[in-house]
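# Summary of the model geometry
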Protein chains: 2
Amino acid sequence: MRIARFTTGDSPRYGILEDGSTDLVVLKGDPLFMPVATTGERVALDDVRLLSPVIPRSKVVGVGRNYAEHAAEMGNEVPEEPILFLKPNTSVTGPDDPIVVPGYAEEVDHEAELAVVVSRMAKNVRAEQALDYVFGYTVANDVTARAAQRADTTWTRGKAFDTSCPTGPFLAMDLDVSDVAVRAWVDGELRQDGRTSQMVRGVPELIAYVSTIFTLLPGDIILTGTPAGVGPVRPGQRVEVEVEGIGRFGNNVVKR
Amino acid sequence: MRIARFTTGDSPRYGILEDGSTDLVVLKGDPLFMPVATTGERVALDDVRLLSPVIPRSKVVGVGRNYAEHAAEMGNEVPEEPILFLKPNTSVTGPDDPIVVPGYAEEVDHEAELAVVVSRMAKNVRAEQALDYVFGYTVANDVTARAAQRADTTWTRGKAFDTSCPTGPFLAMDLDVSDVAVRAWVDGELRQDGRTSQMVRGVPELIAYVSTIFTLLPGDIILTGTPAGVGPVRPGQRVEVEVEGIGRFGNNVVKR
């Protein structure tokens, strides 16, 4: 089962997309905070605008260098402890929303990632229990102003600017994410093509580690790192990201 | 005028503390999101537990090395661009709440700071208009796990852990913050005693700069940097912070 957050011009709603269907079955309220119950209404997927499946009430936690081949392409070693960074909820945007290159950059890098959405409050959870705290999985592009990330003492300008966290197109509710493809395209050309089985640390270990530092709240997102193949996208180009079993979406890159 | 967020055992409420008064005049709802209107009820300040004046819906933005003497004591130069870092809303805690030293640290450093609370959505604001986006000012302790901050590639473990952002005791609504004292004590001994006039970049410049990177939302907090004199506080010790014209509060440091 997959869930979409969408609009037909009014306030955001949620809907279930059954396998093989082209209709969304509309839900009452926000499934993160209430039991899944349908209103009876159906809306054609073609007639809605998909939104980011979740806007975190608290945070997006990113994990650096969680694929060895990507660490190597950046000239880095795999770190002993996961490298964590934060993106605020103001960085989260949805499918087909523009990625706006910030004023201090000329281009940004794409980083296709599997994103974990947290279901309930979590602190100091053990890896063995960690999947009990997963609401679902979505796809994220950890858009990065690489020059600023490299030049600055912190990764804030590099990773946390407005529109730096496109997510979508759906939440997959019961996916086995241990070995699924993670891909990115620029203007239709495949640039990243990894598998989650290449992660240095898997989803349970990441949730457990992150929860030793922060209290995770419902709707918080953990980005699980990007495979090899990252590279620039420039104003005028379109970047698409995909995780197998969840879906694919794209964003145009603009400069204002 | 100062505003407190408090509890008497039930849900958080807000109250006005007039100069010289020892009573809070209770407000209807959250003054960040509705006009200030009183319920008619008064509560003695002695009978309430003060809470963090605001829990951001989005983010706490910190600024590193914004006092030259503090940068020098850490062996750093004043940076050309402000160094920004993020604390999530899960780091925010209130007066007298414990500061919990994270599992990967033995002690934490205190950093007394003037904190700006944002009133309304702000993006790319000019410094000349920036004060129009200030709701009020409060006091924060930018608690830092210094060893982790120094050892790690990012400042996340150093600056963003649970309880790393005590704030309080009040929101000052119409304070001139251009030259007020910023102080910290450990177990009653004065350790930091600076003035906001020593900031490298003042409040308007910081708001303007931060708003070029992020959209600021109502209730977002900007920490304006700490003066010289930072140092460790260990489990069993109490740290207090003060900004002249706002107030003073303290927290006990614990290890669990």
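The rules behind the values
- Here the residue numbering is sequential within each chain, running from 1 through the sequence in written order.
- For naming, the first written chain is A and the first written ligand is 1, with later ones following in the order written.
- In view of the model being predicted, local features appear only for residues whose pLDDT reaches at least 70, and side-chain atom pairs are presented and counted only at 80 or more, with totals across whole chains, interfaces and linings using the full set of residues.
- Working from all heavy atoms in the structure, the side-chain values ignore hydrogens and water.
- UniProt positions are given in the numbering used here, feature names are shortened, and annotations may be inferred rather than shown by experiment.
- Helical segments are the DSSP runs of H or I of at least four residues, strand segments are the runs of E of at least two, and each set is numbered from the N terminus.
- Relative accessible area decides the class of each residue, using a 1.4 Å probe on protein chains only: under 20% of the type maximum gives buried, over 50% gives exposed, and in between gives partly exposed.
- The criterion used for residue contact is that any of the two residues' heavy atoms lie within 4.5 Å.
- Marked domain ranges trace back to an automatic or database domain assignment.
- The salt bridge definition used is simple: a Lys or Arg side-chain nitrogen within 4 Å of an Asp or Glu carboxyl oxygen.
- Pairs of N or O atoms within 3.5 Å make up the polar contacts considered here, provided that, within protein, one atom can donate a hydrogen while the other can accept it, and that residues adjacent in sequence are counted only when both atoms are side-chain atoms.
- Residue polarity follows a fixed list, in which Ala, Val, Leu, Ile, Met, Phe, Trp, Tyr, Cys and Pro are nonpolar, Asp, Glu, Lys and Arg are charged, and the others, Gly among them, are polar.
- The superposition of copies rests on a least-squares fit of C-alpha positions from residues with pLDDT of 70 or more in both.
- Each cavity reported here is a set of points on a 1 Å grid over the protein atoms alone in which a 1.4 Å probe fits but cannot get out, each pocket an open set with protein on both sides within 12 Å along at least five of seven lines, and each lining residue one with an atom within 4 Å of a point.
- Grid points are joined across faces, edges and corners, and a volume is the space filled by probe spheres set on the points.
- Definition used in this section: a nonpolar core is a set of buried Ala, Val, Leu, Ile, Met, Phe, Trp, Tyr and Cys residues joined via side-chain atoms within 4.5 Å.
- Reported buried area values correspond to the accessible surface (1.4 Å probe) lost by two parts on association, with both partners' losses combined.
- Strand pairing is assigned whenever DSSP identifies at least 2 bridges connecting the two strands.
- Convention adopted: a line fitted to C-alpha atoms gives each axis, helices being fitted over their contacting stretch, and angles between N-to-C directions are expressed from 0 to 180 degrees.

### Here we look at the UniProt feature "domain: Rv2993c-like N-terminal" (unreviewed entry) in chain A
- Taking the numbering used here, the UniProt-annotated feature "domain: Rv2993c-like N-terminal" (unreviewed entry) corresponds to residues 1-53 of chain A.
- Across residues 1-53 of chain A, the secondary structure splits into 0% helix and 49% strand, with the terminal C-alpha atoms separated by 14 Å.

### Here's the deal with the environment of A:Phe85
- Of note, A:Phe85 is situated in strand E7 (residues 83-87).
- For A:Phe85, a relative accessible area of 2% gives the class buried.
- Placed 70 residues apart in sequence, A:Phe85 and A:Trp155 show a C-alpha to C-alpha distance of 7.2 Å.
- Ignoring any residue separated from it by four or fewer positions in sequence, one finds A:Phe85 in contact with A:Val60, A:Val61, A:Gly62, A:Val63, A:Gly64, A:Asp142, A:Trp155, A:Lys159, B:Thr154 and B:Thr156.

### Describing the domain arrangement of chain A
Residue and element names in this part refer to chain A.
- The assigned domain composition of chain A is domain 1 (2-50) and domain 2 (60-255).
- The C-alpha centroid of domain 2 is placed 24 Å from the C-alpha centroid of domain 1.
- At the junction of the two partners, domain 1 supplies ten residues and domain 2 supplies 15 residues.
- Notably, a salt bridge pairs Arg49 with Asp97, separated by 3.0 Å at the nearest N-O pair.
- If you look at where domain 1 meets domain 2, you find three residue pairs in polar contact (both at pLDDT 80 or more).
- If you list the elements that add at least two residues to the side of domain 1 that touches domain 2, you get strand E1 (2-7) and strand E5 (49-51).
- Among the elements that line the side of domain 1 that touches domain 2, the one with the most residues is E1, at three residues.
- By residue class, the composition of the side of domain 1 that touches domain 2 is eight nonpolar, no polar and two charged.

### Side note on the relation of the copies chain B and chain A
- You can overlay chain B on chain A at an RMSD of 0.0 Å; the transform is a turn of 180 degrees with a shift of 0.0 Å along its axis. Each copy turns onto its partner about a two-fold axis.
- Here 100% of the contact residues of chain B are again contact residues in chain A; the copies associate through an equivalent surface.

### Thoughts on the layout of surface pockets
- Its boundaries defined by the atoms lining it, the largest pocket holds a volume of some 680 Å³.
- Every residue lining the largest pocket is counted, 33 residues in all, and those nearest its centre are A:Thr90, A:Ser91, A:Val92, A:Asp162 and B:Thr215.
- Elements supplying a minimum of two residues to the lining of the largest pocket: E5, strand E8 (92-93) and strand E9 (99-101) of chain A together with helix H4 (203-213) of chain B.
- In terms of residue class, the lining of the largest pocket is made up of twelve nonpolar, twelve polar and nine charged.
- Within this model, the second largest pocket holds a volume of roughly 480 Å³.
- In terms of lining, the second largest pocket is formed by 23 residues, of which the most central are A:Lys123, A:Thr215, B:Val100, B:Asp162 and B:Thr163.
- Elements with a contribution of two residues or more to the lining of the second largest pocket: helix H4 (203-213) of chain A together with strand E8 (92-93) and strand E9 (99-101) of chain B.
- Of the residues contributing to the lining of the second largest pocket, the split by class is ten nonpolar, eight polar and five charged.

### Comments concerning the pattern of salt bridges
- Scanning the entire structure with this criterion turns up 44 salt bridges over all chains.
- When the shortest N-O distance is used, the salt bridge between A:Asp152 and A:Arg157 registers 2.8 Å.
- For A:Asp152, a relative accessible area of 22% translates into the label partly exposed.
- The closest approach of N and O atoms between B:Asp23 and B:Arg42, which form a salt bridge, is 3.4 Å. Pair noted here: B:Asp23 is in strand E3 (residues 23-27) and B:Arg42 is in strand E4 (residues 38-44), with a separation of 19 residues, a long-range link.
- On the basis of relative accessible area, B:Asp23 is assigned to the partly exposed category, the value being 24%.

### A few points about the nonpolar core
- Counting residues in hydrophobic clusters, the biggest one holds 96 residues, and the most contacted among them are A:Ile207 and B:Ile207.
- What B:Ile207 contacts, discounting residues up to four positions off in sequence, is B:Val116, B:Val125, B:Ala130, B:Val134, B:Leu216 and B:Ile222.

### Some words on empty space enclosed by the protein
- Tallied over the entire structure, the rule returns three cavities of 30 Å³ or more.
- Elements with a contribution of two residues or more to the lining of the largest cavity: E7 and helix H3 (156-159) of chain A together with strand E7 (83-87) and helix H3 (156-159) of chain B.
- Residue composition of the lining of the largest cavity, by class: seven nonpolar, four polar and two charged.
- Taken together, A:Ser58, A:Lys59, A:Leu86, A:Lys87, A:Pro88, B:Ser58, B:Lys59, B:Leu86, B:Lys87 and B:Pro88 form the lining of the second largest cavity.

### Comments concerning the interface of chain B and chain A
- Facing the 27 residues of chain B at the interface are 27 residues of chain A.
- Both sides together, the interface formed by chain B and chain A hides about 2300 Å², and carbon and sulfur atoms give 57% of it.
- For the pair chain B and chain A, the number of links is four salt bridges.
- In this structure, A:Asp162 engages B:Lys123 in a salt bridge whose closest nitrogen and oxygen atoms are separated by 3.1 Å.
- Counting only elements with at least two residues in the side of chain B that touches chain A, the list comes to E7, H3 and H4 of chain B.
- Ranked by residues supplied to the side of chain B that touches chain A, first place goes to E7(B) with four residues.
- Here the side of chain B that touches chain A is composed, by residue class, of 13 nonpolar, seven polar and seven charged.

### With respect to the sheet that holds strand E15 (residues 189-195) of chain B
Residue and element names in this part refer to chain B.
- The five strands are arranged E9-E19-E18-E14-E15 in an open sheet whose pairing can be described as mixed. The sheet is open, and its two edges are formed by E9 and E15, each paired on a single side. Put simply, the sheet's adjacent strands are angled 20 degrees from each other on average, direction ignored.
- Across five bridges, strand E14 (residues 181-186) lies against strand E18 (residues 238-243) in antiparallel orientation. Residue pairing across strands places Val182 opposite Val243, the latter belonging to E18.

### Observations regarding the sheet that holds strand E18 (residues 238-243) of chain A
Residues and elements named next belong to chain A.
- Across the sheet, which stays open at both edges, the five strands sit in the order E9-E19-E18-E14-E15 with mixed pairing between neighbours. Bordering the open sheet on either side are E9 and strand E15 (189-195), each of which pairs with just one other strand. The mean inter-strand angle of the sheet, taken between neighbouring strand axes irrespective of direction, is 20 degrees.

### Concerning the pairing of strand E19 (residues 247-255) of chain B
Residue and element names in this part refer to chain B.
- With three bridges joining them, E9 and E19 adopt parallel strand pairing. Across the sheet, Val100 pairs through a bridge with Val254, a residue of E19.
- Alignment of E18 against E19, held across six bridges, turns out to be antiparallel. The residue of E19 that forms the bridge with Val239 is Asn251.
- Between E18 and E19, which pair antiparallel one after the other, the connecting turn spans three residues, and Gly245 there sits at a positive phi close to 90 degrees.

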